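Observations on the model geometry
Here are the chains, one letter per residue:
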Amino acid sequence: MSEENTKQKTAVVTGAGRGIGKAIAEALARDGMQVYCVSKSESSCGSAAQSICESGGNAHSLPVDVSSGEQIRTACEKLLTENECIDVLVNNAGITHDNLLFRMEEDDWNNVLNTNLSSCFHWIKSLGRPMTRKRWGRIVNVSSVVGISGNAGQANYSAAKAGMIGLTKSLAREFAARSVTVNAVAPGFIETDMTSGLDERVKEVALSQIPLKRFGQVEDIAEMTSFLCSEKASYVTGQVFTVDGGMVM
Ligand code: NAP
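All figures in this text were calculated on a predicted structure; none of them were measured in a lab.

So, the state of the cysteines
Here the structure, examined in full by the defined rule, presents zero disulfides. In this structure Cys45 is a free cysteine whose sulfur lies 7.2 Å from that of Cys37, the closest cysteine sulfur available. Left unpaired, Cys229 is separated from the closest cysteine sulfur, that of Cys85, by 13 Å.

This is the structure in structure tokens:
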């Protein structure tokens, strides 16, 4: 095994304070990586990093509002001062501001696009170059099945998630020669804070469209992401993996 394969990897996971991102950070820490947990609130990423450390992992908290390119650039300068390179980047932070298009405010459009999509551009632009120089890297963008299928009432969110897929495929081509892989995971309906507030009727309709007849758990997404970030996935790039109980085929 080469020296690069045995060295401890460093990962940045955005939206790691809760839900899917927290489960991904825990999985990567279990895989032996040093993990930076990013979230908007200091207490959220702080408690996620603390619980990883208490379980024997190596984690740090990094509060960043990912809707701000400036905050991301400042965070990346700090990361690249403390580390020669970030090996693994998981762009998971995301929000919804749902409404039918004619009722959607411009702010709802801009906030969702900035937080879900433009954030990926800023993180990858800052952290991608050292990865390509080092000729090893893993980037996973957490999109959504609605980025593939669309969804009434989610034009902003679906556009952002579809944009993440285009970004993933383009950068997979740009970075492939440097052994940096770029993939997307598209979760279906996963039980987190994001979905807990949905109307019971909406949940019933969603469940009726899932062949496996259950909602997904955060671990379902974390397992797929862990694989894509591993050495085992070195021949996989530019792909979108739906983890949705068969909802979108
Ligand atoms: P969640 O429970 O609402 O957690 C979202 C995380 O993102 C939180 O840690 C939050 O930080 C962070 N975040 C939000 N805005 C941020 C900002 N401006 N700056 C930094 N961090 C920010 O969401 P989730 O359900 O785990 O979803 C995670 C990802 O999966 C999202 O991209 C979502 O679109 C995608 N997804 C989810 C589902 C689902 O069914 N749950 C389905 C498809 C795709 P704080 O903790 O500080 O608030």
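From this point on, the discussion continues.
Some words on the nonpolar core
Residues Val13, Ile24, Leu28, Val35, Cys37, Val88 and Val90 are the most contacted members of the largest nonpolar core, which totals 33 residues. Setting aside residues up to four positions removed in sequence, Ile24 forms contacts with Val13, Val90, Asn92, Val142, Ile221, Ala222 and Thr225. Membership of the second largest hydrophobic core comes to 27 residues, among which are Val12, Ala75, Ala172 and Val180.

Structural notes on the pattern of salt bridges
For the structure on display, the rule yields seven salt bridges. Measuring nitrogen to oxygen at the nearest pair gives 2.9 Å for the salt bridge that ties Asp193 to Arg18. With Asp193 in helix α8 (residues 193–196) and Arg18 in the loop between β1 (10–14) and α2 (19–30), this residue pair connects regions lying 175 residues apart in the sequence. Note on Asp193: relative accessible area 51%, which makes it exposed. Glu82 serves as the salt-bridge partner of Lys78, at 2.7 Å between the closest nitrogen and oxygen. Taken as a pair, Lys78 and Glu82 lie in helix α4 (residues 69–82) at a separation of four residues, close to a single helical turn. Given a relative accessible area of 44%, Glu82 falls into the partly exposed group.

Remarks on the pairing of β1
When you tally the buried positions in β1, you get five out of five residues, the bulk of the element. Neither face of β1 is exposed, since Thr10, Val12 and Thr14 on one face and Ala11 and Val13 on the opposite face are all buried. Sheet topology note: the β1/strand β2 (residues 34–39) ladder contains five bridges and is parallel. Bridge assignment links Thr10 to a residue of β2, and that residue is Gln34. Between the parallel pair β1 and β2, the chain is carried across by α2, and the sense of this crossover is right-handed.

Quick look at a positive patch on the surface
On the surface, a cluster of positive charge is contributed by Arg73, Lys125, Arg129 and Arg133. The element contributing the most residues to the positive patch is helix α5 (residues 106–134), with three residues. Structurally, Arg133 is set in helix α5.

Brief notes about the packing of α2 against helix α3 (residues 42–54)
Contact geometry of α2 with α3 gives a least axis separation of 10 Å together with a crossing angle of 30 degrees. One way to sum up the angle between α2 and α3 is to call them roughly parallel. Helix-helix and strand crossings are classified by hand; for α2 and α3 the assignment is right-handed. Contacts between α2 and α3 involve Lys22, Ala25, Glu26 and Ala29 on the former and, on the latter, Ala48, Ser51 and Ile52. Partitioned by chemical class, the residues of the contact of α2 with α3 number four nonpolar, one polar and two charged.

Side note on the packing of aromatic side chains
Inspection of every chain in the model, using the stated rule, returns one aromatic pair. Plain terms: the ring middles of Phe189 and Phe215 are 4.1 Å apart, the flat faces sit at 25 degrees to each other, and that makes the pair stacked. A residue pair is termed long-range when its members are at least 10 positions apart, and Phe189 in the loop between β6 (180–187) and α8 and Phe215 in the loop between α9 (200–208) and α10 (218–228) qualify at 26 residues. Accessibility expressed as a relative area gives 10% for Phe189, which makes it buried. In this structure Phe215 comes out as buried when scored by relative accessible area, which is 13%. A cation over an aromatic ring shows up here: Lys9 above the ring of Trp136, its NZ or CZ 4.4 Å from the ring centre. Across from the ring centre of Trp136, 4.2 Å away, lies the NZ or CZ of Arg138, which sits over that ring.

Here is what the cut-offs are and how they apply
For every chain, the first residue of its written sequence is number 1, and the numbers climb from 1 along that sequence. Given that this is a predicted model, residues contribute local features only at a pLDDT of at least 70 and side-chain atom pairs are listed and counted only at 80 or more, while totals for whole chains, interfaces and linings are drawn from all residues. Hydrogens and water molecules were not included; the side-chain quantities draw on all heavy atoms of the structure. Disulfides are defined as pairs of cysteine sulfur atoms found within 2.5 Å of each other. Throughout, nonpolar core names a set of buried Ala, Val, Leu, Ile, Met, Phe, Trp, Tyr and Cys residues whose side chains join them through atoms within 4.5 Å. Here's how the labels work: a residue is buried when its accessible area is under 20% of the maximum for its type, exposed when over 50%, partly exposed in between, all with a 1.4 Å probe on protein chains only. Residues are treated as being in contact if the distance between any of their heavy atoms lies within 4.5 Å. Salt bridges are defined by distance alone: a side-chain nitrogen of Lys or Arg within 4 Å of a carboxyl oxygen of Asp or Glu. The numbering of helices and of strands both runs from the N terminus, where a helix is a DSSP run of H or I of at least 4 residues and a strand a run of E of at least 2. A strand pair is defined by DSSP finding two or more bridges across the two strands. The path from the first strand over the helix to the second decides the hand: if it runs clockwise while the strands point away from the viewer, the crossover is right-handed. Exposure above 30% relative accessible area and the absence of a salt bridge qualify a residue for a patch, where like charges join within 9 Å and nonpolar side chains (Val, Leu, Ile, Met, Phe, Trp, Tyr) within 5 Å. Here the open area of atoms and residues is found with the Shrake-Rupley method and a 1.4 Å probe, where only the protein chains shown may cover a residue. Within this scheme the basic residues Lys and Arg register as positive and the acidic residues Asp and Glu register as negative, but His and the chain ends are omitted. Lys charges are placed at NZ, Arg charges at CZ, Asp charges at CG and Glu charges at CD. In this analysis, axes come from line fits to C-alpha atoms, helices being fitted only over the stretch in contact, and the angle between any two N-to-C directions falls in the range 0 to 180 degrees. An angle counts as roughly parallel when it lies under 35 degrees, as roughly antiparallel when it exceeds 145, as roughly perpendicular when it falls between 65 and 115, and as oblique in every other case. Less than a right angle of anticlockwise turn of the near helix away from the far helix marks a crossing as left-handed, whereas a clockwise turn marks it as right-handed. Residues were grouped as follows: Ala, Val, Leu, Ile, Met, Phe, Trp, Tyr, Cys and Pro as nonpolar; Asp, Glu, Lys and Arg as charged; and all remaining residues, including Gly, as polar. Side-chain rings of Phe, Tyr and Trp (the six-membered ring for Trp) are treated as a pair once their centres are within 6.5 Å; stacked means planes under 30 degrees apart, edge-to-face means over 60, and tilted covers the remaining angles. Both a distance and an angle decide whether a charge sits over a ring: NZ of Lys or CZ of Arg must be within 6 Å of the ring centre and within 35 degrees of the ring normal.

Everything listed is a geometric property; what it means functionally is a separate question.
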